[in-house]
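For reference, the chains in residue letters:
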Amino acid sequence: MNEFWQLDATAQAALVREKSVRPIELVEAAIARIGRVNAKLNAVVTPMFDRARAEASGAPAEGPFSGVPFLLKDLLAEYAGVRFTEGSAFLDGHYTPESDSELTRRLRRAGLIVIGKTNTPELGILPTTEPRLFGPTHNPWNLGRTPGGSSGGSAAAVAAGLVAMAHANDGGGSIRIPASCCGLFGLKPTRGRNPLGPIYGDIFSGLVVEHAVTRSVRDSAALLDATAGPDLGDPYAAPPPARPYLEEIKRQPGFLRVAFTSRAATGVPVHADRVRAVEDAAKLCEDLGHDVTEATPDLEGDAISQAFIAVWAAGTSWSVDDWARRTGQTPSADRFEPLTWALYEMGNRRRAADYLLAVQDLRRVARQVAQFFVQYDVWLSPTLAEPPVPLGSFDPTPDNPMQGIFRAALFVPFTPIFNATGQPAMSVPLFWSRENLPIGVQFAGRFGDEATLFRLAAQLEQARPWAGRWPTLS
């Protein structure tokens, strides 16, 4: 079989377990696929082919994904001895990890073989993947459009079949945004579900979480089973699941109370395709037997945006200073992209009290949203307010280095709220536009309740399968 790239990771692992295929065959097939397609995408920026071949030729760990090739996003999760950049020239050539991050250890323990690292915007700041260091990643459905960000390299790679799933993380939508742009399933887990250690325990006061982008729901569920759980010293701990998530997807979701909205709390315009997608998803949920009501909590969108940007600017300032301390370098404007430096300076101007007031405001929002979920089991909305925008849309202007942040506010008004609340949320690829661009819709669940989302996602995947759709690349 030479069409391994069309199989999900669960199916690939089954071939290895039944000895129909050797891990080295899967790895070589993935490397060959990267060789054929990656030049068009610029998704994989650090190949690890020789390491992967050596690992696949030996005995990979006996886990649920033993022998399956995998890509690691070049942000947060570190791999010992391999270049690490977070999309920034400030790090490139100045830092090589000496040990694996805890998440990387768990991924490898699950049997995954990391064959490379994927592109990301500088320090993961923007909802597109166009770092000055590596250049833009292209959306496989339309090479002139963004694949989203900050996990755009991973999403483009999975959508194009370079691997079946890839590592991703999410601080304001960075799993769900590229999943929507590239036609994938993207679940942001509950705060604290996956580890950030040993270097980090908390990032941006709980905004940032780790997981993956996948083609199938079962891959996402099985991977979260393999990686979830607190690490020693973690500041947050998600409620333990009642049973493995892979078992949840085999269970019916039951009768769910679904609230839906196509209106952004910030009041930004929402593209007609996105409105239609939400209305269609609501109708599909109704047809599947759920109680569906148009409803949304009364949130102050502008206040949320102001608090979020205050935390984001402070976080950028911390990130730059953290890397300066870890690498022994001195930060300067010429070492970073204009937006990164503008956020760094903004963060430095804020008082410590300003930061804590912003965190307090976001915590208040979390309580408002939690109250909304007393009445409803799931909240449905667009993932994005627009289709995947042309590459270059987030570029700074000569007189405004912050242009990318202002543009992002129009593009992603729906995803950041669940980073603030810590709730699980997923983008589900149920729709395509007339231009054959994917349209994801977002479902959010109660804090700690990935189980309901997985059961619903499996039901939606069965009702409207998406795995057979592939972009035309080769």
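Our structure's up above, just so we're on the same page.
Values in this document were obtained by computation on a predicted structure and should not be read as measured data.

Rules behind the numbers
- Residues numbered from 1 in each chain as written.
- Predicted model: local features only at pLDDT ≥ 70, side-chain atom pairs only at ≥ 80, totals over all residues.
- Heavy atoms only, no water.
- Salt bridge = Lys/Arg side-chain N within 4 Å of Asp/Glu carboxyl O.
- Helix = DSSP H or I, 4+ residues; strand = E, 2+ residues; numbered from the N terminus.
- Buried < 20%, exposed > 50% of the residue type's maximum accessible area, 1.4 Å probe, protein only.
- Polar contact = N/O pair within 3.5 Å; in protein donor to acceptor, adjacent residues only side chain to side chain.
- Contact = heavy atoms within 4.5 Å.
- Pairing = 2+ DSSP bridges.
- Phe/Tyr/Trp six-rings, centres within 6.5 Å; stacked < 30°, edge-to-face > 60°.
- Lys NZ or Arg CZ within 6 Å of the ring centre and 35° of its normal.

A. Focus on the pattern of salt bridges. Scanning all chains against the criterion turns up 25 salt bridges. Across the pair Arg276 and Asp273 runs a salt bridge whose closest N-O atoms are separated by 2.3 Å. Placement of both Arg276 and Asp273 in helix α9 (residues 272-287) is noted, with a separation of three residues, approximately one turn of the helix. Given a relative accessible area of 42%, Arg276 falls into the partly exposed group. Here Asp273 falls in the buried class, since its relative accessible area comes to 11%. Two residues, Asp377 and Arg446, come together in a salt bridge whose shortest N-O distance is 3.0 Å. Residue Asp377 is found in the loop between α12 (352-375) and β9 (378-382), and its partner Arg446 is found in the loop between β11 (438-445) and α15 (450-463); the two are separated by 69 residues along the sequence. One connected set of salt bridges, linked through shared partners, spans Arg243, Glu248, Arg251 and Arg455.

B. Focus on the side chain of Ser180. Tracing the chain through its elements places Ser180 in helix α6 (residues 176-182). Ser180 gets classed as buried once you look at its relative accessible area, which sits at 1%. Only 3.0 Å separates the side chain of Ser180 from the backbone nitrogen of Gly440, close enough to count as a polar contact. When near neighbours in sequence (up to four residues on either side) are disregarded, Ser180 contacts Arg274, Thr383, Leu384, Ser427, Pro438, Ile439 and Gly440.

C. Inspection of the pairing of strand β5 (residues 185-188) at higher detail. The alternating pattern of β5 places Phe185 and Leu187 and Gly186 and Lys188 on opposite faces, both of which are buried. Of the strand pairs in this sheet, β5 and strand β6 (residues 209-214) are connected by three bridges, and their pairing is antiparallel. Within β6, the residue paired with Phe185 across the bridge is Thr214. Note that β5 and strand β10 (residues 425-432) share three bridges and pair antiparallel. Bridge assignment links Leu187 to a residue of β10, and that residue is Met426.

D. Local environment of the side chain of Thr327. Within the element layout of this structure, Thr327 appears in helix α10 (residues 301-327). On the basis of relative accessible area, Thr327 is assigned to the buried category, the value being 18%. Looking at Thr327, its side chain comes within polar contact range of the side chain of Gln329, at 3.0 Å. Sequence-distant contacts of Thr327, that is, excluding residues within four places in its chain, are made with Phe90, His94 and Tyr95.

E. Helix α4 (residues 102-109), seen in detail. Three or more residues of α4 are buried, namely Glu102, Leu103, Thr104, Arg106 and Leu107. Among the residues trailing α4, Gly111 stands out with phi positive, at a value near 100 degrees.

F. Here's a closer look at the packing of aromatic side chains. What the rule picks out here adds up to 19 aromatic pairs. Taking the centre distance of 4.9 Å and the plane angle of 40 degrees together, the rings of Phe372 and Tyr376 count as tilted. Both residues of the pair, Phe372 and Tyr376, count as buried. Aromatic ring contacts, followed pair by pair, group Tyr200, Phe204, Phe308, Trp312 and Trp318 into a single cluster. We note Arg191 situated over the ring of Tyr236; from NZ or CZ to the ring centre the distance is 5.8 Å. If you follow Arg469 out to its NZ or CZ, it ends over the ring of Trp432, 4.2 Å from the centre.

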